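# Close look at the chain arrangement
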Amino acid sequence: MTDLDPYERKIVRELQRDASLTTAELAERIGLSPSPCWRRIDRLEREGVIRKRVALVDRRKVGLNAHIFAQVKLNAHGRANLDEFSAAIRGFPEVLDAYVLMGTVDFMLRIVAEDIDAYERFFFEKLSKLPGVQEINSIVALSEIKSTTQLPI
């Protein structure tokens, strides 16, 4: 784990709010000059604290209106080959997040699709055909109460 000094914490907080800030703008906001600010950003990126900077897109405005959480349970053979299932999931652009779980299910997937019909096609043509899948429980999100990418730093 990387220990962050107070300036680095401020840098990370500000970049989580707005990654489009220039180094000069960021330096001004956190009370540093641009050069030491840039060095800190560079170190945070090299050490993987800052993995990447992206644009956050409103899924509905690009036609992805269905938001689904799928709990996937694998059979014994599937659990023995988690890597195979994981690799297949990584190849599906519809799957935004995938987590290995402890408990009664093996994976939790966060999936987007144009609509429920598109999710149904994804479910039957791709997800349910993966080797080792025993059971899939799909949960449709009706509304979003909170969604953030900001870590509480």
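First, a word on what this report is: a plain description of the structure on this page. (Residues numbered from 1 in each chain as written. Predicted model: local features only at pLDDT ≥ 70, side-chain atom pairs only at ≥ 80, totals over all residues. Heavy atoms only, no water.)

### Details of helix α2 (residues 23–30)
To keep it simple, the criterion reads: A simple rule labels every residue: compare its accessible area, found with a 1.4 Å probe on the protein chains alone, to the largest value its type can have, and call it buried under 20%, exposed over 50%, or partly exposed in between. Comment: elements are numbered from the N terminus, with helices defined as DSSP H or I runs of at least four residues and strands as E runs of at least two. Each C-beta atom gives one direction from the helix axis, and the arc is the one those directions make. Note on contacts: a residue pair is in contact if any heavy atoms of the two residues lie within 4.5 Å.
When we look at burial in α2, the residues that qualify are Leu26, Ala27 and Ile30. On an axial view of α2, the arc spanned by its buried residues comes to 100°, and they lie on one face. In α2, the exposed positions that point more than 90 degrees away from the buried face belong to Glu28 and Arg29. Considering only its buried residues, α2 is in contact with α1 (6–17) and α3 (34–46). At the C-terminal side of α2, Gly31 shows a positive phi close to 85°.

### Remarks on the sheet that holds strand β3 (residues 107–113)
This is how the line gets drawn: At least two DSSP bridges between two strands are required for those strands to pair. Interaxial angle, 0 to 180 degrees, is taken between N-to-C directions of lines fitted to C-alpha atoms, where a helix line uses only the stretch in contact.
In space, the 4 strands of this open sheet follow the order β2-β3-β1-β4, with antiparallel pairing throughout. Pairing within the sheet leaves two strands with one partner each, and these edge strands are β2 (95–100) and β4 (133–140). With strand direction ignored, the average angle separating the axes of adjacent strands in the sheet is 20°. Alignment of β2 against β3, held across 5 bridges, turns out to be antiparallel.

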